Amino acid sequence: MTVTALIVVASSSGLRWTLIVAGASTAWFLLALAVIHIGSGRSWDAARRAHIATFGWGNWI
């Protein structure tokens, strides 16, 4: 879903906004990963949970 959103942004707004949206998504993932990793301490579980927190919103669309 995130890739689809980036394609839509790229086709309608251009490369600049696509990079901004991609950067925001990456920053959100890294922030979620850091917070979850500090809380749980398990790296693979933290990565899975951060992925769900960042990219799992597509399940509800």
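Look above for the structure.
Fair warning: this is a prediction, and the values are worked out from it, not measured in the lab. Counting restarts for each chain: residues are numbered from 1 in the order of the written sequence. The predicted origin of the model limits local features to residues at a pLDDT of at least 70 and limits the giving and counting of side-chain atom pairs to 80 or more, whereas totals for whole chains, interfaces and linings rest on all residues. As a rule here, side-chain values come from all non-hydrogen atoms in the structure, and water together with hydrogens is ignored.

## Re a nonpolar patch on the surface
For clarity, the threshold we go by: Each patch is assembled from residues with relative accessible area greater than 30% and no salt bridge, linking like charges that lie within 9 Å and nonpolar side chains (Val, Leu, Ile, Met, Phe, Trp, Tyr) that lie within 5 Å. Accessible surface area values rest on a Shrake-Rupley calculation with a 1.4 Å probe, where residue burial reflects the displayed protein chains alone. Salt bridge criterion: a side-chain nitrogen from Lys or Arg within 4 Å of a carboxyl oxygen from Asp or Glu. Each helix corresponds to a stretch of at least 4 residues labelled H or I by DSSP, and each strand to a stretch of at least 2 residues labelled E; elements are numbered beginning at the N terminus.
On the surface, Trp 28, Leu 31 and Val 35 cluster together into a nonpolar patch covering about 330 Å² of accessible area. The topology assignment puts Leu 31 in helix α2 (residues 15–40).

## Thoughts on the packing of α2 against helix α3 (residues 43–55)
A packed helix pair is summarised by two numbers, namely the angle formed by the two axes and the spacing between the axes. Counted only if it meets this: Only the stretch in contact is used when a helix axis is fitted, and all axes are lines through C-alpha atoms; the angle between N-to-C directions ranges over 0 to 180 degrees. Any angle that is under 35 degrees is reported as roughly parallel, and any over 145 degrees as roughly antiparallel; angles of 65 to 115 degrees are reported as roughly perpendicular and all others as oblique. Helix crossings are classified by the rotation of the near helix relative to the far one: an anticlockwise turn of less than a right angle makes the crossing left-handed, while a clockwise turn makes it right-handed. The contact criterion used is simple: two residues touch if any of their non-hydrogen atoms lie within 4.5 Å. For this classification, Asp, Glu, Lys and Arg are treated as charged, while Ala, Val, Leu, Ile, Met, Phe, Trp, Tyr, Cys and Pro are nonpolar and the rest, including Gly, are polar.
Axis separation between α2 and α3 bottoms out at 8 Å; the angle between their running directions is 140°. With respect to α3, the element α2 is oriented oblique. Our pair here, α2 against α3, has a crossing hand that is right-handed. Of the residues in α3, those in contact with Ser 25, Trp 28, Phe 29, Ala 32, Leu 33, Ile 36, His 37 and Ser 40 of α2 are Ser 43, Ala 46, Ala 47, Arg 49, Ala 50, His 51, Ala 53, Thr 54 and Phe 55. Grouping the constituent residues of the contact of α2 with α3 by class yields ten nonpolar, six polar and one charged.

## Thoughts on the side chain of Thr 54
On the secondary structure map, Thr 54 appears in helix α3. Among all residues touching Thr 54, those that are not within four sequence positions of it are Ser 25, Trp 28, Phe 29 and Ala 32.

## Description of helix α1 (residues 2–13)
Keep this limit in mind: To estimate the expected span of a helix, subtract one from its residue number and multiply by 1.5 Å.
Taking 1.5 Å per residue, twelve residues should reach 16 Å; α1 reaches 16 Å between its end C-alpha atoms and fits that length. Looking at the residues trailing α1, positive phi occurs at Gly 14, about 100°.

## A few points about the packing of α1 against α2
Two elements in contact, α1 and α2, have axes whose closest approach is 7 Å; the angle formed by their N-to-C orientations is 155°. The orientation of α1 with respect to α2, classified from their angle, is roughly antiparallel. Considering how the two elements wind past one another, α1 and α2 form a crossing that is right-handed. Residues Thr 2, Leu 6, Val 9, Ala 10 and Ser 13 of α1 form the contact with α2, whose own contacting residues are Leu 15, Trp 17, Thr 18, Val 21, Ala 22 and Ser 25. Grouping the amino acids of the contact of α1 with α2 by side-chain chemistry returns seven nonpolar, four polar and no charged.

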